[in-house]
Each structure stands twice: as structure tokens, then as C-alpha cells.
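# Coordinates in review
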Amino acid sequence: MTEQGERAEQLPIDGFAHVELYVGNAKQASYVYENAYGFTPVAYAGPETGVRDRASYVMEQGDLRIILTAPMTTEGTIAEHVARHTDGVRDVAFVTNDVQGTFQEAVDRAQEHEEVFQGEELVDDGFVVRKPETIEDEHGTVDIATLATFGDTVHTLIDTSNYGGPFLPGYESIDTDRDVQGVGFQTLDHTVGNVGEGDMARWARFYESVFGFRRFLDFDEDDISTKYSALRSVVMANDDLSVKIPINEPAEGLKKSQIQEYLDFYPGPGVQHLAITTENILTTIEEMRTRGADFLDAPEAYYENLPDRIPIEGIDEALEDLEELGILVDEEEEGYLLQLFTNPIQDRPTLFFEIIQRKGAQGFGKGNFKALFKSFEQEQEKRGNL
Ligand code: FE2
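What this report covers is the structure whose coordinates are included nearby.

Cut-offs used in this document
- Residues numbered from 1 in each chain as written.
- Predicted model: local features only at pLDDT ≥ 70, side-chain atom pairs only at ≥ 80, totals over all residues.
- Heavy atoms only, no water.
- Phe/Tyr/Trp six-rings, centres within 6.5 Å; stacked < 30°, edge-to-face > 60°.
- Buried < 20%, exposed > 50% of the residue type's maximum accessible area, 1.4 Å probe, protein only.
- Helix = DSSP H or I, 4+ residues; strand = E, 2+ residues; numbered from the N terminus.
- Lys NZ or Arg CZ within 6 Å of the ring centre and 35° of its normal.
- Polar contact = N/O pair within 3.5 Å; in protein donor to acceptor, adjacent residues only side chain to side chain.
- Patch = residues over 30% accessible without salt bridge, like charges linked within 9 Å, V, L, I, M, F, W, Y side chains within 5 Å.
- Areas by Shrake-Rupley, 256 points an atom, 1.4 Å probe, with all protein chains shown as cover.
- Salt bridge = Lys/Arg side-chain N within 4 Å of Asp/Glu carboxyl O.
- Lys, Arg positive; Asp, Glu negative; His and termini not counted.
- Charge placed at Lys NZ, Arg CZ, Asp CG, Glu CD.
- Pairing = 2+ DSSP bridges.
- Contact = heavy atoms within 4.5 Å.
- Axes fitted to C-alpha atoms, helices over the stretch in contact; angles between N-to-C directions.

Each aromatic ring pair is specified by the distance between its two centres and by the angle formed by the two planes. As enumerated under the stated definition, the model contains 22 aromatic pairs in all. Ring centres of Tyr33 and Tyr37 lie 5.3 Å apart, and the angle between their planes is 85°; on these two criteria the pair is classed as edge-to-face. For Tyr37, a relative accessible area of 7% puts it in the buried group. Relative to Phe353, the ring of Tyr37 has its centre 5.0 Å away and its plane inclined at 85°; by these criteria the two rings are edge-to-face. With Tyr37 in the loop between helix H1 (26–35) and strand E2 (40–45) and Phe353 in strand E17 (residues 352–359), this residue pair connects regions lying 316 residues apart in the sequence. Classification of Phe353 by relative accessible area gives buried; the value is 0%. By the ring-pair criterion, three or more aromatic residues cluster together here, those being Phe16, Phe94, Phe127, Phe150, Trp203, Phe206, Tyr207, Phe211 and Phe213. Directly above the aromatic system of Phe364 lies the positively charged group of Arg358, at a separation of 5.5 Å from the ring centroid.

This is the structure we're talking about:
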């Protein structure tokens, strides 16, 4: 268990708003998100809409909104982010009905808890990425502010309740005559951050003391390890669990932790995966596989061993269908969940997606972690990073 800190009152954070990735080529990335993952492009900002420094595509599916942004310049935050990380998550934005108040309280609390930011100088040097402002156009107003978190990642606070446009001022609707078919993605279930060894507790305290999130679950290396490589994880969440942010750190093992591989290649702390819910994981994975998405293979004996791990009679899906599609199962007291992880979605072994269908279970598939570690290690081995 990680050390409990003092949890502050929760700030009014009511869910994930969107996730913005900084990428080298947003036009091409949007093509992959549309064709492999089934997102509809709904809005665009760039030189044609009066935005000079970037090109951004807003991709929607279900309640999910992913923004793909590429730099139009060689200098500045976007270009530097891409130069350092290649494609990666810049912003995990939160919905709030009070941007100004949430921002101010977060900054005040951060100043009171400077020990939380030890070594990062987060408060003095860059905690405030964007001061609160109200931006507007003919569609209405948007309140927006941005705060820093681990690595080069940020949390934008956003209130679009008085806005009727396609996304934000500066964006114009994309009217595509293509008939984009989704793959069944519904919502963002959780976003996971990887931080350096020994830093997990500090970042958990950051979410606890600044945003007032709670520790929903934690795991240590006994839960999530093989003989060789390990990780620790703590899940920070808001009260209604509409925001869940597991934070991982590498743990000591005989071989390199998958978290350390991420940290070496990203490089530094950052978002490891985006977990996306579906109402029917069988059709979602089948469709994604047909479109060319590739997934982490389950270890050989996984389906053979499954009945020993889980009472199969409680599972609605046929075991052979799950095995054919490579879908993983985990069980908890309240129910079970089905999940599957993609391989990294860019050249570096950094960001990937998790597809998850919850059937009562609120956890993260702890029972699969051990089984999966062997698969992660096999992939690391192929890359020469074990
Ligand atoms: Fe996950």
C-alpha cells in the first residue's frame, strides 16, 4: 500500500472532456483514427480558419473526443513536444462548471503543498500553463484554463456549456460526405500515467491534495509482476469515478520493467494508455482487427488456464469467441470485465489503447496483469529492450 496523504475536498471536476495528442502529421493521423478506429472528423482548426501555428482535427466517436494537433512551425510548445516525444498525449482535459474557481483553488492548494512538487518546481515554474480566460465567437463562449501535471502532460479545465459550435472558437465544422462507421467506442474509462521510479506516491499526493481525488485502488509488485519485471500502480479518481487516472511506476525486477521502457523511449513521464469502453467488445475487436489494428497476444496457456482462475459459467460470452479474438477476462466480487490492449500505436513503445467492457467489475484487470506481463516481455524482447 502507498502512504495515505490528506485528501482535500474534491474540486468540481465532472468528467473527462477530451484528450489532445500532439503528433507529427495530424492529417495522416486523422486518417488512421477514422479508418482503423472508427472516429468521425467533426472539426478542424488551422491556417484556413485563422489559426497560424497548428493544424488540429477533432475526432469523435460515442462520447469520446480526441484532438490531433500538429505544429505548423519549427518552434514553440507543439513542435518541441513532437521533437522530444514524437506522437503522444499532451492534454487530458477535465469538464468543470467553474473554471476560474477550480483554477484558483488548485493553484492555492499547490502552493500550500509545495512538498508534493519536490524536484519539479511545478508551482514556481510552469504549474500554470494557461490562465483562465473566456474565449468567444458567434457560437457562444468557452471558459478555459490549463494546469501542468507529470512530465510534459497538462490538464485543461474547460466549460463549454455556453457554446454551440463544433468544438472551440477557432474551429470550423468538417462536413465529410464519407459515411464513417464507428467500431463501438463509447467513453473514456481511464487514462494512465507512467512516472519515474519512486515518484508514484508524490503524484498520487498531487491528485489528492490539489484536485481532491481519492485513492480508488492500488497494486504493488506482488500483484503486477513476473519473476523478471514489475510495476506499482495507484488509481486516483473523482467521487463519481467519471475521472480515473491510474499512475504507474517501474518496480525492481531482474529485467527491465515495461514502465521503464516507456520512460526511456517517450522519454520521461507521460500518458501510457487510454482505456475506451464498448458495449460489445466482441464486435469492436472483430471490426478493429478487420481494419488492421493489432493487439497484444494473450500468452499461449491463457484460455486453457482461464477456467481455473474464473468461474466460466458466470461469463455470458462463449469462451471460443473470446479466444478467437484474443479477448481477456477478469473477475471481481461485483462482476467481471473483458479487455484487450493494442500494441503501441506509434513507432516508439509508448502510447497504446485498451478496449474494455465492464460487466459489473469496476477494477482494471488485475488478474490479467500477471498473465499479460509475459506478453509484454515477449514484445520488449523483440525490440531488444528487456
Ligand atoms: Fe487500463
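There's more to say after this.
It is worth spelling out helix H5 (residues 258–265) at this point. Those residues of H5 not exposed but buried are Gln258, Ile259, Glu261, Tyr262 and Leu263. N-capping of H5 is provided by Ser257, with a side-chain oxygen placed 3.0 Å from the backbone N of Ile259.

Taken together, the side chains of Glu286, Glu300, Glu304, Glu320, Asp321, Glu323 and Glu324 define an acidic patch exposed on the protein surface. With 4 residues, the top contributor of residues to the negative patch is helix H8 (residues 319–325). If you trace the backbone, Asp321 turns up in helix H8. For Asp321, a relative accessible area of 35% corresponds to the partly exposed category.

For the rest of this paragraph, the subject is the sheet that holds strand E6 (residues 128–137). Read across the sheet, 9 strands follow the order E6-E7-E8-E5-E1-E4-E3-E2-E9 without closing on themselves; strand pairing throughout is mixed. The sheet is open, and its two borders are formed by E6 and strand E9 (172–173), each paired with just one other strand. Relative to strand E8 (residues 154–159), strand E7 (residues 140–148) runs antiparallel, the two being bridged by 6 bridges. Bridging across to E8, Asp143 finds its partner in Asp159. Sitting on the sheet, helix H2 (residues 77–85) is in contact with strand E1 (16–22), strand E3 (54–61), strand E4 (64–71) and strand E5 (88–95), with an inclination near 95° to E4.

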